[in-house]
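Spelled out from the first residue to the last, the chains are:
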Amino acid sequence: ARRWPLLAWAHGTMGVADFCAPSWHGRSYRDVAYLRQWLERGFAIVASDYQGLGTPGPHPYVMARPLAYSVLDSIRAVRGMEGLSDKVVIVGQSQGGRAAFASAGYLTDYAPDLKVAGVIAMGTPSSVGGAIANAARSPTPDKVNPAISNLLYAILMAEQLDPTLRPGEVLSEKALPLLDHA
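Residues numbered from 1 in each chain as written. Predicted model: local features only at pLDDT ≥ 70, side-chain atom pairs only at ≥ 80, totals over all residues. Heavy atoms only, no water.

### Things to note about helix α2 (residues 29-40)
For step 1, the next point in the chain: End to end, α2 covers 16 Å across 12 residues, agreeing with the expected 16 Å (1.5 Å per residue, within 8%).
For step 2, the next point in the chain: Looking one or two residues beyond α2, the residue adopting positive phi is G42, at roughly 95 degrees. (Helix = DSSP H or I, 4+ residues; strand = E, 2+ residues; numbered from the N terminus. Expected span 1.5 Å × (residues − 1).)

### Section: the environment of I155
For step 1, the next point in the chain: Mapped onto the fold, I155 is located in helix α6 (residues 148-161).
For step 2, the next point in the chain: The buried category is assigned to I155, whose relative accessible area is 7%.
For step 3, the next point in the chain: In the structure, I155 is positioned 24 residues away from L179 in sequence and 8.2 Å away in space, judged by C-alpha atoms.
For step 4, the next point in the chain: The contacts of I155, once residues within four sequence positions are left out, are L165, P167, V170, L171 and L179. (Buried < 20%, exposed > 50% of the residue type's maximum accessible area, 1.4 Å probe, protein only. Contact = heavy atoms within 4.5 Å.)

### Examining the nonpolar core
For step 1, the next point in the chain: With 21 residues, the main nonpolar core has L6, A8, Y50, V71, L72, I75 and I90 as its most contacted residues.
For step 2, the next point in the chain: Looking at this core, the elements that each hand over two or more residues are β1 (4-10), β2 (44-47), α3 (64-78), β3 (84-93) and α4 (95-110).
For step 3, the next point in the chain: The element contributing the most residues to this core is α3, with five residues.
For step 4, the next point in the chain: The next biggest cluster of nonpolar side chains, apart from the first, holds seven residues, and it includes L7, W38, V89 and V91. (Core = buried A, V, L, I, M, F, W, Y, C linked by side-chain atoms within 4.5 Å.)

### What about the sheet that holds strand β4 (residues 115-122)?
For step 1, the next point in the chain: Reading across from one edge, β2-β1-β3-β4 is the order of the four strands in this open sheet, with parallel pairing throughout. One side of each edge strand has no neighbouring strand; the edge strands of this open sheet are β2 and β4. Sheet twist, expressed as the average angle between the axes of neighbouring strands with direction ignored, equals 25 degrees.
For step 2, the next point in the chain: For β3 and β4, the ladder comprises seven bridges, and the chain directions are parallel. (Pairing = 2+ DSSP bridges. Axes fitted to C-alpha atoms, helices over the stretch in contact; angles between N-to-C directions.)

Purely geometric numbers; function is a separate question.
Rendered as C-alpha cells:
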C-alpha cells in the first residue's frame, strides 16, 4: 500500500497572543495555496502552533530551541499513523523558516529517531537583531513599515527573558500603547 510522505509545516509570524495561533485564527490565503500544492503532490501535512501560541505561557518569539522542539514534537505526534511514511520534509517560512532551520540543528540531539529527508527554510531571519533593523527601515518616508510589529514582538520576548527590562527605555511614550496592542 502507498504511504504518504510527511511535510512538517512551520508557519510564519502570526502574532504572539494565543488567538494568533493558526489553529485558532486559521491560515492565510498564501499559506493555504502553498500547502495545497504539497497535498496535490501526495504529502500529508502536520503543523504546530509553537509553544505559547494557543497554550498556557508566553510565546518565546523567534527563539530557536522552542520553535524547533514544537516542529519536531509535531512530527512525533503523528509518527506511526496508518498510511504515513516515515520520511519527513520540514518546510517553513519567515519565523517558520527559522523554526525549520533550527529543527535541522536540534534534530540529532533532540529527535535522532526521526527520518528527516530535508529542510526548506524560506525567508529565514538569522537573528532578532536583523529583524529589528529591518523593521526600523520604512519603505517610504510617509508610511510606517508593517514589519514594526516584529520589533514589538521582540520587545515582548525580551521582557520574558529579562523582567527588569523597561519598554519605556526602548520605545517612545507614543509607541508604548502599541506594545500593549501587540
